[in-house]
Protein chains: 2
Amino acid sequence: MYIEALKKELKDKKYRMTPQRELVLKVFIDNENDHLGAEDVYRILFSNKHSVSKATVYRTIELLVDFGFLRKLDFGEGIYRYELAKKNKMHHHFICKICGKIYEIEEKHLDILKKELENQGFVFEDFDFKIYGICPKCNKKTKKRIENKK
Amino acid sequence: MYIEALKKELKDKKYRMTPQRELVLKVFIDNENDHLGAEDVYRILFSNKHSVSKATVYRTIELLVDFGFLRKLDFGEGIYRYELAKKNKMHHHFICKICGKIYEIEEKHLDILKKELENQGFVFEDFDFKIYGICPKCNKKTKKRIENKK
DNA sequence: ATTTACTTGAAAATAGTTTTAAGTTATACT
DNA sequence: AGTATAACTTAAAACTATTTTCAAGTAAAT
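Residues numbered from 1 in each chain as written. Chains lettered and ligands numbered in written order. Predicted model: local features only at pLDDT ≥ 70, side-chain atom pairs only at ≥ 80, totals over all residues. Heavy atoms only, no water.

S.K.: Describe the packing of helix 2 (residues 19-30) of chain B against helix 3 (residues 38-47) of chain B, with residues and values.
M.R.: Residues and elements named next belong to chain B. Between helix 2 and helix 3, whose axes approach to 10 Å, the crossing angle comes to 105°. Taken together, the axes of helix 2 and helix 3 are roughly perpendicular relative to one another. Contact residues: helix 2 offers Leu-23, Val-24, Val-27 and Phe-28, while helix 3 offers Val-41, Ile-44 and Leu-45. Broken down by class, the residue content of the contact of helix 2 with helix 3 amounts to seven nonpolar, no polar and no charged. (Axes fitted to C-alpha atoms, helices over the stretch in contact; angles between N-to-C directions. Helix = DSSP H or I, 4+ residues; strand = E, 2+ residues; numbered from the N terminus. Parallel < 35°, antiparallel > 145°, perpendicular 65-115°, else oblique. Contact = heavy atoms within 4.5 Å. Nonpolar A, V, L, I, M, F, W, Y, C, P; charged D, E, K, R; others polar.)

In structure tokens:
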């Protein structure tokens, strides 16, 4: 469980588990299918009457990223979003340029590339594969719109 | 040539080619191997005695991205960087977590994925593949450091 | 029990980017 | 050519996300 893992990780590194840190991590656990930004986390805590200061939210998120609990994402909006960094879970995204929806995509075809880079001496630690395009839903709508124009 | 293409593009869409727009695009052409941020562009122009206001630099970059002349990149630094969006040129990057150097990487193995997504109805417009890890240079240094410790 | 180091919150600072308001320039129209 | 119109630029101010500062609080270690 994430909370326990965080406690252990903190203890090992002479940091402390605090109510605030637990609350922030819990927000990500409770919303694991979203891609929350720091302000989202602050707002969620605030509306749940758990007041954690912004500074602490930001600091805790940074700490969780450093410890590998969260993965930092950027969808070109000018803010960072984060997701729980489940092990062995790839984190590729398809961002629809029309509706903005973010789809999680699976990727099984990177092994060849990975091996190639490793042969060249690169150490493959983390990767982030973003595809921008039009999702099936919007694609249908666009087609309809074009047909209506005819 | 980019400048001519931009002129045409602007004219088609009832925009105007201005000295400022030409200057900004030229900065990217003259530095095509770098990944410049908006502030870099401003600084380069400023030091070349071509004063273009920051607002115009930012606006022009946005316009160039919209028109497909530039590609917006993010390396998790809190700023956006841009590169000339050459057609048929992939833009995958390997960012060394140690030295921060950005390597361009070639990728020829995405066709299977692309086809898969297209079968599902996704329209593949642009993608951005980022790999974080340790580059061969740093890898060597790290190995040495570890050996020295023994 | 006291020291030490870590943590928090509120406010201020910072950095990148966007907006505003006023003036300038190019294009279209007569 | 002269004028109207719309696009464009500038400098400064505003804005937004994020980070830093610093005083005060809290837990762990001695």
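S.K.: Go over helix 2 of chain B, please, and point to the residues and values.
M.R.: Counted at 1.5 Å a residue, the expected span for helix 2 of chain B with its twelve residues is 16 Å, and the 16 Å between its end C-alpha atoms agrees. Residues of helix 2 of chain B that are buried make contact with helix 1 (2-12), strand 1 (36-37), helix 3, helix 4 (54-66), strand 2 (70-74) and strand 3 (80-84) of chain B. (Expected span 1.5 Å × (residues − 1).)

S.K.: Please set out unusual backbone geometry residue by residue, giving values where relevant.
M.R.: Residue and element names in this part refer to chain A. Despite not being glycine, Lys-49 shows a phi value in the positive range, around 65°. Position of Lys-49 among the secondary structure elements: in the loop between helix 3 (38-47) and helix 4 (54-66). For Lys-49, a relative accessible area of 78% gives the class exposed. (Buried < 20%, exposed > 50% of the residue type's maximum accessible area, 1.4 Å probe, protein only.)

Functional significance is not addressed by these values, which are geometric in nature.
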